Amino acid sequence: MENFVHDIPTKLYFGKGMISHLEESLKSFGKRVLLTYGGGSIKRVGLYDEVLEILTKAGFEVFECAGIEPNPRVESVARGADICKKEKIDVILSVGGGSVLDCSKAIAVGAYFNGDDYWQMVLASNGSQKALPLVAIMTMAATGSEFDSGGVISNMAIHKKIGRTFTFPAVSICDPCYTFTLPAKQSAAGGADMMSHIMEGYFSRTMNADLSEAIEEGILKSVIHNLPIVLQDPTNYEARANLFWNSSIACSGIPEYGKVSSGWPCHAMEHELSAFYDITHGVGLAILTPRWLSYILEKDSSITPRLVKFAKNVWGLENKDETELAKAGIQALYDFFVSVGIPMHLSELGIDETHFEEMAKSCTHPWFDSFVGLSEEDVVCIFKMCL
Ligand code: NZQ
Ligand code: ZN
């Protein structure tokens, strides 16, 4: 096992009715609250009114930064940070999915940024910068942003989507009931995202980190079990709750403890797709992951035992020779994504090969290939397999 550090300072309130802890979560930070949210889902589901009522009754002074986009833009970071500076905000309250929370984390750092080139601030952020305190009410099970310090910000003018560490939420409130209203497409994309967070770490050369492996396989099996249930029955509390807790742990780093990281190649490739075509993150990951696995298995058969373990322990497959079993596990993953309604070809999203070389150049870094090395040419081949 490799060395690791566990350091997650976020207090997590998980479960039905946990919004009852909102007032106490905010009040130690001050009275002036910046409420951040997205394109209006929180208003449609009644959560906005519920939050405002709690804040008003408790005497908080509320300012708003609304309209944060999926794949949040640096312009929204700038807008929020400017409000924080002008209105002397004490604490940020993020209500929404991963995009709102990621943007809010960058806003929290931006509030102390001396300047107005917020893209430079995003690029320079590494988790050590001073930040405003942040409380999150999460409405989507996907990114795990509620339990990590990461944020992914896009600058569409230059086709860049960049992940950095900003700040942990001080408190995250995760009530699975808030995810009942998620459209099927977002539920499926969220499931694919959390599976990818696991698979990026699972496909590692380290085979002896027993607990981490068990957590990884457990989360994958739980998503495979519960995602079809919520697609049939969106208000199924147990299935929504399991998905939510899976998502919080999946991106927390915990499942990778003790393992050599793969460098998260599918995320690097997906961020290129989103930076050029503004696609839904989880959909891009679902399309890429089986193709990436097929490609690297062909390129380096020494990874066969790892893929055999995936086929046996995650998909319950057996009775085949090792190479066949490895391929059958990849096929099972592909078939699962099809079964939950994810479009599995880039062409279905209007993407062709125009920018593949530019995208491959941009995402190929030394850290990218600790599982199986990938050159720019390899990445272009993987993108083409996804068409
Ligand atoms: O904008 P609103 O109106 O709120 O609607 C959102 C949005 O359109 C809607 N939605 C969210 N909760 C809802 C709901 N609709 C109905 N009912 C609800 N309860 O869903 C749409 C997608 O929301 P978004 O926040 O974009 O989704 P997600 O949570 O998947 O976040 C995706 C972003 O997170 C980044 C991705 O790259 C992408 O930019 N990631 C962040 C990570 C992190 N912080 O650690 C790691 C991930 O790998 C990922 O890269
Ligand atoms: Zn992700």
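Keep in mind that what you see is a predicted model, and the values were worked out from it rather than measured. Just so you know, the residues in each chain are numbered from 1, in the order the chain's sequence is written. Each chain gets a letter, beginning with A, and each ligand a number, beginning with 1, in the order they are written. Reporting of local features is limited, given that this is a predicted model, to residues whose pLDDT is at least 70; pairs of side-chain atoms are given and counted only at 80 or more, and all residues count toward the totals for whole chains, interfaces and linings. Note that the side-chain values use all heavy atoms of the structure and ignore hydrogens as well as water.

We now examine the overall build of the chain. Helix and strand assignments follow DSSP, with helices taken as H or I runs no shorter than four residues and strands as E runs no shorter than two, numbered in order from the N terminus. What the chain contains, in helices and strands, is 15 helices and eight strands. Against the compact-globule benchmark of 21 Å for 387 residues, the chain has a radius of gyration of 20 Å, which places it among compact chains. For the chain, the C-alpha atoms occupy an extent of roughly 65 × 40 × 40 Å along the three principal directions. Throughout, exposure labels follow a simple rule: accessible area from a 1.4 Å probe, protein chains only, divided by the maximum for the residue type, with under 20% read as buried, over 50% as exposed, and the rest as partly exposed. Here the chain holds 387 residues, and 56% of them are scored as buried. Taken as a whole, the chain presents about 15400 Å² of accessible surface, with 53% of it coming from carbon and sulfur. Charge counting follows a simple rule: Lys and Arg are positive, Asp and Glu are negative, and His as well as the terminal groups are ignored. In this description, the location of a charge corresponds to atom NZ of lysine, CZ of arginine, CG of aspartate or CD of glutamate. Within the chain, one finds 32 positive and 48 negative side-chain charges whose respective centroids are separated by 4 Å. Radius of gyration: C-alpha atoms only; globule rule: 2.2 Å multiplied by the number of residues to the exponent 0.38. Using a 1.4 Å probe, accessible areas were evaluated by the Shrake-Rupley method; residue-level cover was limited to the displayed protein chains.

Another point: the pattern of salt bridges. What counts as a salt bridge is simple: a side-chain nitrogen of Lys or Arg found within 4 Å of a carboxyl oxygen of Asp or Glu. Scanning the entire structure with this criterion turns up 15 salt bridges. Two residues, Arg73 and Asp278, come together in a salt bridge whose shortest N-O distance is 3.1 Å. On the criterion of sequence distance, the pair formed by Arg73 in the loop between strand 3 (61-65) and helix 4 (74-87) and Asp278 in the loop between helix 10 (265-277) and helix 11 (281-299) is long-range, its members being 205 residues apart. Here Asp278 falls in the partly exposed class, since its relative accessible area comes to 36%. Note that Asp378 and Lys299 form a salt bridge whose closest N and O atoms lie 2.6 Å from each other. A residue pair is termed long-range when its members are at least 10 positions apart, and Asp378 in helix 15 (residues 376-385) and Lys299 in helix 11 qualify at 79 residues. Salt bridges here are not isolated pairs; linked through shared partners, they connect Glu213, Glu216, Glu217, Lys259, Arg306 and Lys309.

Put simply, a metal with four donors set out as a tetrahedron has ideal angles of 109.5 degrees, and one with six donors set out as an octahedron has ideal angles of 90 or 180 degrees. Every protein donor of the zinc ion (ligand 2) is accounted for by Asp193 (OD), His197 (NE2), His267 (NE2) and His281 (NE2), and the metal-donor separations fall at 2.0 to 2.1 Å. Mapping the donors of the zinc ion (ligand 2) onto the primary sequence gives the spacing D-x3-H-x69-H-x13-H. A residue pair is termed a helical-turn pair when its members lie 3 or 4 positions apart in one helix, as Asp193 and His197 do in helix 7 (residues 184-202) at four residues. No difference in accessibility class separates Asp193 from His197, as the two residues are buried. Because water is not among the atoms used, a metal site may look incomplete, as its donors are only the N, O and S atoms within 2.8 Å, or 3.2 Å for Na, K and Ca.

In this section: the nonpolar core. Working definition of a nonpolar core: buried Ala, Val, Leu, Ile, Met, Phe, Trp, Tyr and Cys residues. They are joined through side-chain atoms within 4.5 Å. Core analysis: the biggest nonpolar cluster contains 106 residues, and Trp292, Phe310 and Phe337 have the highest contact counts within it. Top contributing element to this core by residue count: helix 11, with 10 residues. What marks off one domain from the next here is an automatic or database domain assignment. A domain-level breakdown of this core finds at least three residues from each of domain 1 (11-178) and domain 2 (184-385). When checking whether two residues touch, look at their non-hydrogen atoms; a contact exists if any pair is within 4.5 Å. What Phe337 contacts, discounting residues up to four positions off in sequence, is Ala192, Met195, Met199, Ala286, Pro290, Ile342 and Met344. Residues Val33, Tyr48, Ala58 and Val91 belong to the second largest nonpolar core, which totals 22 residues.

Let us look at the packing of helix 10 against helix 14 (residues 356-363). Packing of helix 10 against helix 14 leaves a shortest axis separation of 9 Å and a crossing angle of 130°. As far as their axial angle goes, helix 14 and helix 10 are oblique. Our pair here, helix 10 against helix 14, has a crossing hand that is right-handed. For the pair helix 10 and helix 14, contact is made by Ala268, Met269, Glu272, Leu273, Phe276 and Tyr277 and by Glu358, Met359, Ser362 and Cys363, respectively. Classifying every residue of the contact of helix 10 with helix 14 gives seven nonpolar, one polar and two charged. Angles run from 0 to 180 degrees between N-to-C directions of axes, and those axes are lines fitted to C-alpha atoms, restricted for helices to the stretch in contact. To sort the angles, those under 35 degrees are grouped as roughly parallel, those over 145 as roughly antiparallel, those from 65 to 115 as roughly perpendicular, and the leftovers as oblique. Crossing chirality is assigned from the near helix's rotation relative to the far helix, an anticlockwise turn below a right angle marking it left-handed and a clockwise turn marking it right-handed. Nonpolar residues are Ala, Val, Leu, Ile, Met, Phe, Trp, Tyr, Cys and Pro. Charged residues are Asp, Glu, Lys and Arg, and all others, Gly as well, are polar.

So, on to the site of ligand 1. The criterion for a residue being near a molecule or strand is simple. One of its heavy atoms has to lie within 4 Å of it. In the neighbourhood of ligand 1, 31 residues make up the surrounding shell, with Ser41, Gly98, Ser99, Asp148 and His197 lying closest. Any pair of N or O atoms that falls within 3.5 Å is considered a polar contact. Within protein, one atom must be able to donate a hydrogen and the other to accept it, and sequence-neighbouring residues count only if both atoms are side-chain atoms. Ser99 places a side-chain nitrogen or oxygen 2.6 Å from an oxygen atom of ligand 1. Separating a nitrogen atom of ligand 1 from a side-chain N or O atom of Thr181 is a distance of 2.8 Å. Taken by itself ligand 1 offers 970 Å² of open surface, and the protein chains cover 89% of this. Taken together, the residues that form the shell around ligand 1 break down as nine nonpolar, 18 polar and four charged. If you count residues domain by domain, the shell around ligand 1 takes at least three from each of domain 1 (11-178) and domain 2 (184-385).

Often, the extent of an interface is quoted as the loss of accessible area on bringing the components together. Here the domain parsing of the chain yields domain 1 (11-178) and domain 2 (184-385). Each of domain 1 and domain 2 has a C-alpha centre, and the two are 27 Å apart. At the interface, 25 residues of domain 1 touch 25 residues of domain 2. Buried area adds together the accessible area that both of two parts lose upon being put together, with accessible area traced by a 1.4 Å probe. Approximately 2100 Å² of surface area, both sides summed, lies buried where domain 1 meets domain 2, with 62% of it carried by carbon and sulfur atoms. If you look at where domain 1 meets domain 2, you find eight residue pairs in polar contact (both at pLDDT 80 or more).

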